[in-house]
Amino acid sequence: MTVAHPRLKPPSAAPLAALALIFGALPAQAQAPHGSDAPQLDDVVVTGTRTERRLADTPVATEVITRSEIEASGAVNVADLLTSRTGIEVFSALQGEGIRLQGLDSKHVLILVDGRRITGRLSGTVDLTRYPIESIERVEIVRGGSSALYGSEAMAGVINLITRQAKESLSFETQGLYGSLNTGVFSGTMSQTSEAFDTRITAGWRRQDAYDLTPGTPGTTGNALNEVTLSNNSSFKLSRDRQVKTHLDYYNRGQYGIDSSTTGAVFDRTNHTESFSGSIEPQFTLPGLANLKVSAYYNHYRDQYLKDQRNSNALDQYEQTVDQLAQLQVQDERAIGLDHLLTSGAEIAYERLSTDRLNAAYGDRKRAALYAQDEWQALPSLVVLPGLRADLDSRYGTNVAPKVALRYDATQAVTLRASLGTGFRAPDFKELLLQFQNVSAGYEIVGNPNLGPETSTSLNVGLDSRLASWAWISANLYQNEVANLIQTELARAGTADTITQYRYVNVASAMTRGIEASLRIQPFTGFVLEPGYTLNDTLDRSTGLLLEGRSLHKGTLTARYQHEPWGLGIYVRGALNGERPFHSKANAVTSTTMAPAFTTLEARLAKSLSRQLSAHVQGSNLLNVTDPVYTPMQPLTLLAGLTARF
Amino acid sequence: MIIMRLPLHHPAARFAFAGLFAASLAGCAPNLAGAGTDPTTQTNTDTQPLSEEQNGITVHTSVVDADVAKTNTFTYFSFGTGAVASPATPSTSVDWDIAFKSTTIIANSGVSGAGTVSVKRHAGADFDALTKADASGYVIDAADGADSDTAVDNGFLLGDAWYHYAGAPTHLVTPKDHVYVVRANSGKYYKMKVVSYYDAAGTARYVTFKWAEITSPD
């Protein structure tokens, strides 16, 4: 018998439309507007369940930013794309930009590329400017503790960057942009499909000058950069029920800046960041409505940092970080009866980090995990999704993370989703192994090999509803409780012979809760307006203070207009971020400063010149917010470019 | 060639695929280790004093490395030679007068050394106008007492220490407007004033001070 299961999507691209609905028609979903950049309900998402599901069917609330919205927005990298979005905060990090989700730190957000873990967190933050947009097909965002599927770091949620696959028989695409700060962006893509083999190759280059928000000092605020990327996705179709996907990418970025200190010292700073990743994924369709996926991958990340003091070498500094990850995973997805879809998998991984300041030449860990989830159609309108994952880590032992998600189709126009999930974050190598001495200030910070994971519980309750044929609402209430947060604590007071010692311990706890709501209005064809609002209330339970840098209120607005007869597209996106608390401690007294509210605004105007060619102009930070202390954003930037497809 | 066996039908596709592999082989970043380009630190570590005449007195300016490398060692200075001294056993030597480590300045006396160096602070005094040493009020180095620091107690550090520390975020160390009169091991008197804690390149722990021999008390 070869009847396909209604929700089980075979890995080979069998037409979903042909799949019969076995157990009665599902209620029609809250239809998103067609003919816009909105995610379509037939779009496939993977992040919520780790298996391919139609957006309309997934039991786990998944936000999707589609390729057409990515292109309309003019974003150059993933950090740009996530700026001004409901429930997401993009902030300037040590290097590049990181994000917070639901008020939790970037170290509590799992970043995946095609479902694979990545390497290269610096102080816990993944720099999302590292991911150029030309190779991204879509971005999927799942909120709430998801360690039951993904393991470590999936506390606030998961952001999965899905890369582009070959689509047409043979096509080429190139784009060039030039503008403020001598920014130049150039990318080229070749895509080919055939019966047995698909491949897509993308190469990109970007450069820009440094900028300076503090003209009184010799130092710069934003780095000059020079970036090269190369990537390839291929798929070998061996037979109807077997295929092998491969992926390769290389990234190389130089960043150049000037630092100046109050003592008069001036430093030329250079960063070279490189990453390489490769993967191979055989996929099999098994008899009896089952799929089997095997995946092996390797990531190599290398960051070099050189601080070169001018007129001296007394304070010159060089640091190198190499982070490697190898992982093997197997996942089986099968239908059991008509009402159950069982997904189960196993992973083993080896990670190794070498960097200065560790008490050993390198730190490494082995990890093994087993997970399973059952997608159970309990009633025609109710899906229940329990899941469980057990992780075994060579550094601290086992951790078990459960989760349950519900999806209830209340009426044809209203879908409710709820999830109660747990998350954890394994202590990183710095927290385990750091050996850092500041002799002149008389203290040292040491790692703690006995650390356990940070843990969290999160509750999300959401609603998607069609209010009218031209209006949709989506709202989500969340609360996250985070415990065992790792912080430094005084381990030994200094004496005449020993300096003061601080060490990492699992002590702190925090809470975040709030609302993420957005409305989508399409008053007439071609025009979409999306206002959004985020309430994000936070509490550091250890100190009773608000968590630093989070806005309590954030309002967002996106407007898009496509005038087909003229081939004209207009995209405007803005966010009003409320004031943010920052704490400082002097003489054991904590004082809180509220950084002023600020507004970000981006816009893009595109015009088709012919079937192959389109021109565009775009601007970011149009209100020119330049606060070097709290909001060191790149000043008003204007770019103009051309895109050719043939 | 593996590349040629791939089912890439179009020559452009083959070209692009081969280009990707060639570029990925060539593309690694240069190694930055040791790429700091400056010559070794410039003349500012040279403790040969710069000298100039003021009111008939020769005023010298010296820069000493007050443990820039953070190896927890003192740099010893002799007013007699006007230069850094390298005593084999500093604790028994009288070939140095004062010594520097970070913000700590010690005198060769009491708990710090075998010498007889003593120091008197002239808070806020005019360096140029001070041409004759007082007869009394000099202190030798004593063990750390009840003050806030953990360094020895002496004329430079006890109570109103020679520097002001700004704390976070700048951590700047700024000399106060004090002039010190030092009675050296030789029995001669010298006035000195710290000018800066930083060298011209902005490196901390380069203590710059000006000094001159003055008339002994009657």
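Calculation rules
Residues numbered from 1 in each chain as written. Chains lettered and ligands numbered in written order. Predicted model: local features only at pLDDT ≥ 70, side-chain atom pairs only at ≥ 80, totals over all residues. Helix = DSSP H or I, 4+ residues; strand = E, 2+ residues; numbered from the N terminus. pLDDT = per-residue confidence, 0-100. Contact = placed C-beta atoms within 7 Å. Buried ≥ 20, exposed ≤ 12 C-beta atoms within 10 Å, placed from the backbone. Pairing = 2+ DSSP bridges. Axes fitted to C-alpha atoms, helices over the stretch in contact; angles between N-to-C directions.

Another point: the environment of A:Lys293. Relative to the helices and strands, A:Lys293 resides in strand β16 (residues 290-309). Between the C-alpha atom of A:Lys293 and that of A:Ile201, which follows or precedes it by 92 residues, the distance is 23 Å.

What follows covers the confidence of the model for chain A. Residues and elements named next belong to chain A. Averaged over chain A, the pLDDT score is 88; the fraction of residues at 70 or greater is 93%. Looking across chain A, the model is least confident in strand β23 (residues 435-438), with a mean pLDDT of 81, and most confident in strand β20 (residues 382-393), with 96. Across residues 10-36, where pLDDT falls below 50, the model places 54 contacts with residues more than four positions away in sequence or in other chains.

All names here are of chain A. Phi at Glu 153 takes a positive value of approximately 85 degrees, unusual for a residue other than glycine. With respect to the helices, strands and loops of the structure, Glu 153 is situated in the loop between α3 (147-150) and β9 (157-163). Residue Glu 153 is classed as buried on the basis of its 28 C-beta neighbours within 10 Å. A positive phi angle, close to 50 degrees, is found at Asn 182, a residue other than glycine. Among the secondary structure elements, Asn 182 is positioned in the loop between β10 (170-179) and β11 (183-193).

With that settled, the discussion passes to the sheet that holds strand β12 (residues 204-214) of chain B. All names here are of chain B. Read across the open sheet, the 6 strands follow the order β1-β2-β12-β11-β10-β7; overall the sheet is antiparallel. Two strands bound the open sheet, and with one partner strand each, they are β1 (50-54) and β7 (118-123). Taken over all neighbouring pairs, the strand axes of this sheet differ in orientation by 30 degrees on average, direction set aside. The sheet contact formed by strand β2 (residues 57-65) and β12 spans 6 bridges and is antiparallel.

On to the environment of A:Phe429. Residue and element names in this part refer to chain A. Relative to the helices and strands, Phe 429 is located in helix α4 (residues 429-433). A sequence separation of 27 residues divides Phe 429 from Ser 456, and the C-alpha atoms of the two residues are 20 Å apart. Those residues within four positions of Phe 429 in sequence are excluded, and the remaining contacts are Leu 353, Leu 358 and Gly 363.

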